[in-house]
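Observations on chain architecture
If you want the building blocks of each chain, they are given just below.
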Amino acid sequence: MGTSASYAHLTDTPVRDALVGRDSELDAIRRLLSSGGGDRNLRALLLEGEPGLGKTSLWEQGIAWGREHGMRVLTARANEAEAGLPFTALIDLLDEVGTEELTAVPTPQLRALTVALYRADPTDRPPEAAVISLGALSALRVLASHDRLLVAVDDLQWLDRTSEEALAYAIRRLQREPITFLLARRPGHRSPVERSFADDSLQTVRVGPLSIGATRQILADRLDLRLPHHLLRRVFDTTLGNPLFALEVGRTLVERDVESLGDDLPLPDDVEDLLGLRVADLDASAGEVLLALALDPDLRAAQMEDLTGPDGLERALEAGVVVRDDERIRASHPLLAAASKRRATAEERRNLHRGLAEVVTDEQRQALHLALATLTADEGLAALIAAAAERAAARGATRLAVDLGSHALRLTPTDSSAYHARVLALAEQLQCAGEKQRLTDLLSGAVESMPPGAVRVGAYLLLADGVVQGNDDIRRLFEEALVEAGDDQLLRARVLAHLAENEAVIEVRQVARADDRATESVERCPPGHPDDEKIAVYTAAWTRALRGEPIAHLAERYDALSADRAYVARNPGRVVGQRLVWRGEVRQARALLQSFQALTEERGEPRPYALARLHLCELELRVGGWDQAQRLLDEWAASTDSELLHWPMYERCRALLAAGRGDVTDARGWGGRALELAESTGVRWDWLEANRALGVTALLAKDVDEAVRHLEVVWQHTQREGVLDPGAFPVAPDLVEALVEAEAHDAARGVAVELNDLARIQDHPWGLAGAQRSLALVDLVGEGYSETSAQMLEESATSYRELGLAFDEARTLLLLGRAQRRAKKWGAAREVLERAIAAFEAIGSPGWADDCRSELARVGARKPSAEGGLTATELRVAELAVEGLSNKEIARTLVVTVNTVEFHLRNTYAKLGIRSRVQLAPRLASLDVAADADPRH
């Protein structure tokens, strides 16, 4: 069905009586449903409005139109009382989808999804929330392959976090599937679900108050209530055009003689008071039904009748405070349920929780209601709730596991033998949920009173994942755990693995000692503990890689240890991929890291996926794949995974990207931020990389002293601390360049020789190309120009090109052209510099290309432009900006990135002495006039 026909079909469809004065909102919904969802990436509409303004009624109209339009509709109504329960919205969305419809979902994902949906029992290992998210994504794709989908979620602000993460994960990965989203929420911060949509695919419609005329019509249509204008104005002023509240006020007037009321209309000052009065006026049995729904919104009609009797439900339906849809029942408005809960006494709520525990069938919900009904310690009940927490964790229901675990601990007598085990169990649940502060609050005051040995060691290791000021706190906790482990072989091996990894990968210090500790950890793991041995082998992979040693055999040993599933983030295969990047073996690295990313996608583990993205981003930053690196960083910034990697990894990658593009301002901004964060947290890896980014940027800015300072500190640190792989922190060739420019030729030669020695010992492809570049540069500048040295630089550029390292190739050509220009080899310099410009422009490095043009201008080449010194690219960007194109539209026209456009505009403003687009048109026009008047043009 075409768009116009679809729109006409919806226009002719009758609209609910309550939707008075909502023409613009209804038109937006019609346009959404007519767009089809798949033609322009993903289409979504968000209805935003205060409670009672009718956004839910608009949402329901959209659902009705979607069904009439032939779409398959998946709906979920989020609820404040369910916000802490796991996957409730996901369960609602897939409630009418049979498991047999999802057979095309990959088996591991389907198993995790069916466990989360309470359609299958969990296995020994709980499904990770992200595996369930991946299953939800696959389920949507499968369903969309048969029908156009409308995914509709109301009260988005109360979406449970697990469903929120699953939906956000899916939205970011859906592309051209015919899926449309209709969302509604109260005003507030944008949710992760909203942030997951592309900027141009989510429309927000703000649902405002009704006019006084629309208020009059609603009262007449719904209540057959007709008021004189002065009373209508009083109702309108009191309810501020809110249709729900207007109807509630109207109900108080239906049975009264409105003509005798005069202007003194007896209305509460506060709308919440009005709703409270409505709840207070309910029949006792109807009020109990409403309160029960406030405490457990997932009740069915039969359960409610068992709880309150059939009369209570019937009276609640007659009073209009409850709505029934087949066997499902819900409060007619969340505010009524909230008012009921607020008015109930604590004892009334406890008594009803006790009754709810008898009628609900799910064991975890039963346990939660029993916990909420009990105030005093009860070991028997605590054990029951603790077991329910374990089952919730086994289902991947992390939030519910935390709630149940908290109640289990609260109800456990402090002198119980199970008390400390329940403290540790709750801490593990908080760790999984990412609740660092609660984890710290729970353990920090209790760890010293815990039984010595495994329990206390476990507490120290868990505290390291809590709130810490920096790596010093983590180190202290690991050292205390090591002391506590004593001579216990297994405990010592466990702690040593954590210590060694922290020492090598976070602090990048005493790598030889870290390697010894990792080796000891591997050797101390007793038979029958494959999980601990795997952690030790993984740590050893890092320490050996940094030492410049092969690690493929460690990956093989890891894979052979056990067929049991292990945490993907601790798989040494990703370290193998990193080592390949360091060595410049790009094709093998890309294949391995992409397979690692695919594995994290399949397994759906969030932190491993974030690490996979980091590694692929680092790969692109090495090869000059700036556009791809930026795409990965933009996804990183927009995703909910962004907090999973604690250190300033994002900031230093942004700095390296800006340095690669040649954007000095951005590179210094991001690099300075990364450096500050790294210094405050004590993480040296990101500190080293931030210094490298700032050093390369200083080279471009011709600030030689700053370049030497930043680059030398990286080289000296890695040499001192035993990082022997020269590509782990690939600073040596840049440092040689900086030292040569500073005329420190002996120091430059020393670095070049050391790089050459390391590269030859390790047969290191990137190191060998870098050593050749460095030695040739020292000879060209320090010893005087020679064709032999120039040929060595040319060969180094060729080696980089064959490895796929385009940025290093272009940088080497720039160095060769500069050396030839200084030696007055004009023809050779011009040819090489033009090649360098083409190489930089091909990868999107405008700042470096401009540096080449400056060199080219000094060998007598024609200047690119006379218009204020603008380059041809800057002039074209400026002309498009004057035509009114946005930066995004300019980028699309020129097939470059938005960052590149912004870079050229900043340069243009600086060269023309202006500050904004407003000044750009007249300034360009004045240049054109000057050019026409100049006989040289």
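Residues numbered from 1 in each chain as written. Predicted model: local features only at pLDDT ≥ 70, side-chain atom pairs only at ≥ 80, totals over all residues. Heavy atoms only, no water.

Some points on the overall build of the chain
The helix and strand tally for the chain stands at 47 helices and 7 strands. Looking at the chain residue by residue over its 937 residues, the buried ones come to 58%. For the chain, the accessible surface area stands at approximately 38900 Å², while carbon and sulfur atoms represent 49% of it. (Helix = DSSP H or I, 4+ residues; strand = E, 2+ residues; numbered from the N terminus. Buried < 20%, exposed > 50% of the residue type's maximum accessible area, 1.4 Å probe, protein only. Areas by Shrake-Rupley, 256 points an atom, 1.4 Å probe, with all protein chains shown as cover.)

Some words on the environment of Ala397
Among the structural elements, Ala397 can be located in the loop between α19 (379-394) and α20 (398-410). Overall, Ala397 belongs to the buried group, its relative accessible area being 2%. As a C-alpha pair, Ala397 and Phe87 span 310 residues in sequence and 7.4 Å in three-dimensional space. Not counting residues up to four positions away in its chain, the partners in contact with Ala397 are Pro86 and Ala392. (Contact = heavy atoms within 4.5 Å.)

Remarks on the packing of helix α44 (residues 872-882) against helix α45 (residues 887-894)
One way to put it is that α44 packs onto α45 with a least axis distance of 10 Å and a crossing angle of 130°. Accordingly, the angle class assigned to the pair α44 and α45 is oblique. Between α44 and α45 lies a crossing whose hand is right-handed. Seen from α44, the contacting residues are Arg876, Val877, Leu880 and Ala881; seen from α45, they are Ile890, Thr893 and Leu894. Classifying every residue of the contact of α44 with α45 gives 5 nonpolar, 1 polar and 1 charged. (Axes fitted to C-alpha atoms, helices over the stretch in contact; angles between N-to-C directions. Parallel < 35°, antiparallel > 145°, perpendicular 65-115°, else oblique. Left-handed = near helix turned anticlockwise from the far one by under 90°. Nonpolar A, V, L, I, M, F, W, Y, C, P; charged D, E, K, R; others polar.)

Some thoughts on the pattern of salt bridges
Across all of its chains, the model carries 59 salt bridges by this definition. For the salt bridge of Arg422 with Glu379, the shortest nitrogen-to-oxygen distance reads 3.1 Å. Taken together, the residues Arg422 in helix α21 (residues 419-433) and Glu379 in helix α19 connect sequence positions 43 residues apart. Note on Glu379: relative accessible area 30%, which makes it partly exposed. Linked by salt bridges that have partners in common, Lys702, Asp734, Glu737, Arg773, Arg811, Arg818, Arg821, Asp851 and Glu855 make up one network. (Salt bridge = Lys/Arg side-chain N within 4 Å of Asp/Glu carboxyl O.)

Looking at the sheet that holds strand β3 (residues 149-154)
A sheet is described by the order of its strands in space; here 5 strands give the open sequence β2-β3-β4-β1-β5, paired in parallel fashion. Edge positions in the sheet fall to β2 (72-77) and β5 (202-206), since each of these pairs with one other strand and no more. The average angle at which neighbouring strand axes cross in this sheet is 15°, direction not considered. For β3 and strand β4 (residues 179-185), the ladder comprises 5 bridges, and the chain directions are parallel. From the neighbouring strand, Val151 faces β4, where its bridge partner is Phe181. (Pairing = 2+ DSSP bridges.)

Quick look at helix α17 (residues 346-359)
Over its 14 residues, α17 runs 20 Å from end to end, which matches the ideal 20 Å to within 8%, given 1.5 Å per residue. Buried-residue contacts for α17 involve α13 (284-295), α14 (301-308) and α18 (363-372). (Expected span 1.5 Å × (residues − 1).)

As for the packing of helix α27 (residues 530-546) against helix α29 (residues 572-583)
Relative to each other, α27 and α29 sit at 10°, their axes nearing to 9 Å. As judged from the angle between their axes, α27 and α29 are roughly parallel. Here α27 contributes Tyr538, Ala541, Trp542, Ala545 and Leu546 to the contact with α29, which in turn contributes Pro572, Arg574, Val575, Gln578, Arg579 and Trp582. Considered class by class, the residues forming the contact of α27 with α29 number 8 nonpolar, 1 polar and 2 charged.

Some words on the confidence of the model for the chain
Mean pLDDT over the chain: 85, with 88% of residues reaching 70 or higher. Every residue in residues 861-867 scores below 50 in pLDDT, and together they form 12 contacts with partners more than four places removed in sequence or on other chains. In the predicted structure, residues 929-937 sits below a pLDDT of 50 and forms 2 contacts with residues beyond four places in sequence or in another chain. (pLDDT = per-residue confidence, 0-100.)

A short note on the packing of aromatic side chains
Under the defined criterion, the tally for this structure stands at 11 aromatic pairs. With a centroid separation of 5.4 Å and 75° between ring planes, the pair formed by Phe181 and Phe197 is classed as edge-to-face. Of this pair, Phe181 sits in strand β4 while Phe197 sits in the loop between α8 (192-195) and β5, and the two are 16 residues apart along the sequence. A centroid spacing of 5.9 Å and a plane angle of 75° characterise the contact between Phe807 and Trp848, whose relative ring orientation is edge-to-face. Of this pair, Phe807 sits in helix α41 (residues 806-822) while Trp848 sits in helix α43 (residues 846-857), and the two are 41 residues apart along the sequence. Here Phe807 matches Trp848 in class, with each residue buried. One aromatic cluster is present, built from ring pairs that chain together Trp542, Trp582, Trp685 and Phe729. (Phe/Tyr/Trp six-rings, centres within 6.5 Å; stacked < 30°, edge-to-face > 60°.)

Structural notes on the nonpolar core
Among the nonpolar cores identified, the biggest contains 151 residues, and Leu442, Leu443, Leu546, Leu621, Trp685, Phe729 and Phe840 are the most heavily contacted of them. Sort the elements by how many residues they give to this core and helix α35 (residues 684-700) lands first, with 10 residues. Apart from residues no more than four positions distant in its own chain, Phe729 is found in contact with Val508, Trp685, Leu688, Glu689, Val714, Thr718 and Val723. (Core = buried A, V, L, I, M, F, W, Y, C linked by side-chain atoms within 4.5 Å.)

Some points on unusual backbone geometry
Backbone geometry at Asp763 places phi at a positive 50°, although glycine is not the residue there. Structurally, Asp763 is set in the loop between α38 (745-762) and α39 (765-783).

Concerning helix α42 (residues 826-843)
A rise of 1.5 Å per residue sets the reference length of α42, with its 18 residues, at 26 Å; its end C-alpha atoms lie 26 Å apart and thus fit the reference within 8%. Of all the residues in α42, the buried ones are Ala829, Val832, Leu833, Ala836, Ile837, Ala839, Phe840 and Ile843. For α42, the arc enclosing every buried residue in end-on projection is 165°, short of the 170-degree limit, so these residues lie on one face. Once α42 ends, the next one or two residues include Gly844, with phi positive near 85°. (Arc of directions from axis to C-beta.)

Remarks on a negative patch on the surface
On the surface, Glu305, Asp306, Asp311, Glu314 and Glu318 cluster together into a patch of negative charge. Contributions of two or more residues to the negative patch are made by α14 and α15 (310-319). Residue contributions to the negative patch peak at 3 residues, all from α15. Tracing the backbone through its elements, the reader meets Asp306 in helix α14. (Patch = residues over 30% accessible without salt bridge, like charges linked within 9 Å, V, L, I, M, F, W, Y side chains within 5 Å. Lys, Arg positive; Asp, Glu negative; His and termini not counted. Charge placed at Lys NZ, Arg CZ, Asp CG, Glu CD.)

A short note on the side chain of Gln364
Looking at the element boundaries, Gln364 is found in helix α18. Assessed through its relative accessible area of 3%, Gln364 is described here as buried. Other than its neighbours up to four places away in sequence, Gln364 contacts Tyr118, Ala388, Arg391, Ala392, Arg395, Leu400 and Leu404.

Description of the state of the cysteines
What makes a disulfide is a covalent bond joining the sulfur atoms belonging to two cysteines. Counted by the stated rule, this structure contains 0 disulfides. Unpaired in terms of disulfides, Cys617 finds its nearest cysteine sulfur in Cys653, a separation of 4.3 Å. Accessibility expressed as a relative area gives 0% for Cys617, which makes it buried. (Disulfide = S-S within 2.5 Å.)

Notes on the pairing of strand β6 (residues 322-325)
Looking at chain direction, β6 and strand β7 (residues 328-331) are connected through 4 bridges and run antiparallel. Across the sheet, residue Val322 finds its bridge partner in β7, namely Ala331. Hairpin connection, β6 to β7: the antiparallel pair is bridged by 2 residues, and Asp326 has positive phi, about 55°.

Comments concerning the environment of Ala552
Within the secondary structure, Ala552 is located in helix α28 (residues 552-561). For Ala552, a relative accessible area of 46% gives the class partly exposed. Each C-alpha atom of the pair Ala552 and Val576 lies 6.8 Å from the other, and the pair is 24 residues apart in sequence.

Quick notes on the environment of Pro187
With respect to the secondary-structure elements, Pro187 resides in the loop between β4 and α8. Taking the C-alpha atoms as reference, Pro187 lies 8.7 Å from Arg206; in sequence the two are 19 residues apart. Leave out the neighbours within four places in its chain, and Pro187 touches Glu48, Gly49 and Glu50.

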